[in-house]
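Chain and residue survey
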Amino acid sequence: MNLLSTDIKNKVLDKVIELLDARRSEIIEANQKDLDAFNKEDRAMYDRLVVNDKKVDGMIQAVREVRNQDDPVGKVISEINKDDGLKIVNKTAPFGTIMIIYESRPDVTVEAAVLAFKANNKILLKGGKEAINSNKVLVDVWHQALKENDITTDYVKLLKLQRAETQEFLKNPTEQIDLIVPRGGERLIQFVKENASCPVLVSGRGNNFIYVDHSANWEQAIKVILNAKTDKISACNALDKILLDKRLPDLDKKLLHLQKALHEFEVELLVDKQVKEILSDEAEIENEDTWYEEFLALKACVALVGDEVEAIEKINKYSGGHSSAIMTTDLSKAETFMEQVDSGAVYHNASTRFTDGGAMGVGAELAISTDKLHHRGPLGLEQLVTNKYYVYGQGHVRV
């Protein structure tokens, strides 16, 4: 795509903001069609599918935030002037075409498009069939905004492909794709990785852990656990596994307190053998696969570990590499935990729910990457560019 000026990009985004508000009722009505056709038994996906006035306000705010951010294209990363007169400048540049594959969430249609467009990329949106009516209207909003500014609608494209068609498109794309971002569950990610013929940046599963050290402030730990587990169960930053230090004072009482607190939010517990001795009415974890599982439900595992070393080993073996937390009053222990746990975001005395572009000060996000290349964590505007070297000479030749 041709490079657009910051001014023209911001004018398009101003129009998108205006149209999202003006067509609010149409967007919500289209979403209701999707909701009516959806199987409400999948609570997490249903929650992500809902678009109401608050969600539309969130879309508008996301576009406004990106509109007000600095243009990420053309920024100088480094500049070297060599002794022989050769000048080498490294600058940010658009990726080109980004494809995102996602399930349920219509707000991703807006957030992914605004980030890609401000970074001068083309975006191919492969949303799930469960949100097709919502996505059609939202993409039409984009097309109207682009047309009114004499910009090609090719910048934002909705792909209406069935699974077999998507598989073929990934293997043999009909146009150049520079990056694919699968945003969803383990099956979707594996499907994309197995079939894609271009780079894939994984927006992975959560399966997030929290370790409560024996020195932790217990009331603070309960508060953080409840927030991380119950605030939004459909989020990839929700808590799934709770590891408690065996050396916690009054361990039996604390386990009973934890059980009661989680049960008040209707959280189902799965426990290891040691915890089962105290919480005898809870189901025991009998399959190791459970430790790898992201629940996206009111469910959590509770287990005991000997110390932070054992906790780190368990987290690095089973977690999705997304978010992990330690509750402790020992700063040195917290630092060791945060350095040695292999997750995109690590926390000391804070909820994993903060792994989010807005909450982390990044702004709107395309996804939360659990890959290490080219970026890990929230994929915001500044992460949707690559780089390019500009070399200036006066007839230089290499000898």
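This text gives an overview of the structure that appears in the document.

Attention now goes to the environment of D21. For D21, the position within the fold is in helix α1 (residues 6-22). Note: C-alpha distance between D21 and L188 (167 residues apart in sequence) is 32 Å. In this structure the side chain of D21 is engaged in a polar contact, spanning 2.9 Å, whose partner is the side chain of R24.

A few words now on the sheet that holds strand β2 (residues 87-94). Taken together, the three strands give an open sheet; going across it, the order is β1-β2-β16, and neighbouring strands pair in antiparallel fashion. Either end of the sheet is taken by a strand with one partner, and the two such strands are β1 (76-81) and β16 (385-392). Sheet twist, expressed as the average angle between the axes of neighbouring strands with direction ignored, equals 20 degrees. Of the strand pairs in this sheet, β2 and β16 are connected by eight bridges, and their pairing is antiparallel. Bridge pairing in β16 links I88 to V391.

Moving on to unusual backbone geometry. In this structure, H374 follows L373 across a cis peptide bond, with omega equal to -5 degrees. Summarising the element assignment, H374 is placed in the loop between β14 (368-369) and β15 (377-378). Positive phi values are uncommon outside glycine, yet N120 reaches one of about 65 degrees. Examined against the element boundaries, N120 turns out to sit in the loop between α5 (106-118) and β4 (122-126).

A word on the environment of L3. Following the sequence through the fold, L3 ends up in the segment before α1. Separated by 116 residues in the primary sequence, L3 and A119 place their C-alpha atoms 9.5 Å from one another. Residues within four places of L3 in sequence aside, it is in contact with V73, P94 and N120.

It is worth spelling out the packing of aromatic side chains at this point. Taken as a whole and judged by the stated rule, the model has seven aromatic pairs. With a centroid separation of 6.2 Å and an interplanar angle of 20 degrees, the aromatic rings of F209 and W291 are classed as stacked. Residue F209 is located in strand β7 (residues 208-212), and its partner W291 is located in helix α12 (residues 289-292); the two are separated by 82 residues in the primary sequence. Given a relative accessible area of 0%, F209 falls into the buried group. Through a chain of ring-to-ring contacts, the aromatic side chains of F209, W291, Y292 and Y318 assemble into a single cluster.

Rules of the game
- Residues numbered from 1 in each chain as written.
- Predicted model: local features only at pLDDT ≥ 70, side-chain atom pairs only at ≥ 80, totals over all residues.
- Heavy atoms only, no water.
- Helix = DSSP H or I, 4+ residues; strand = E, 2+ residues; numbered from the N terminus.
- Polar contact = N/O pair within 3.5 Å; in protein donor to acceptor, adjacent residues only side chain to side chain.
- Pairing = 2+ DSSP bridges.
- Axes fitted to C-alpha atoms, helices over the stretch in contact; angles between N-to-C directions.
- Contact = heavy atoms within 4.5 Å.
- Phe/Tyr/Trp six-rings, centres within 6.5 Å; stacked < 30°, edge-to-face > 60°.
- Buried < 20%, exposed > 50% of the residue type's maximum accessible area, 1.4 Å probe, protein only.

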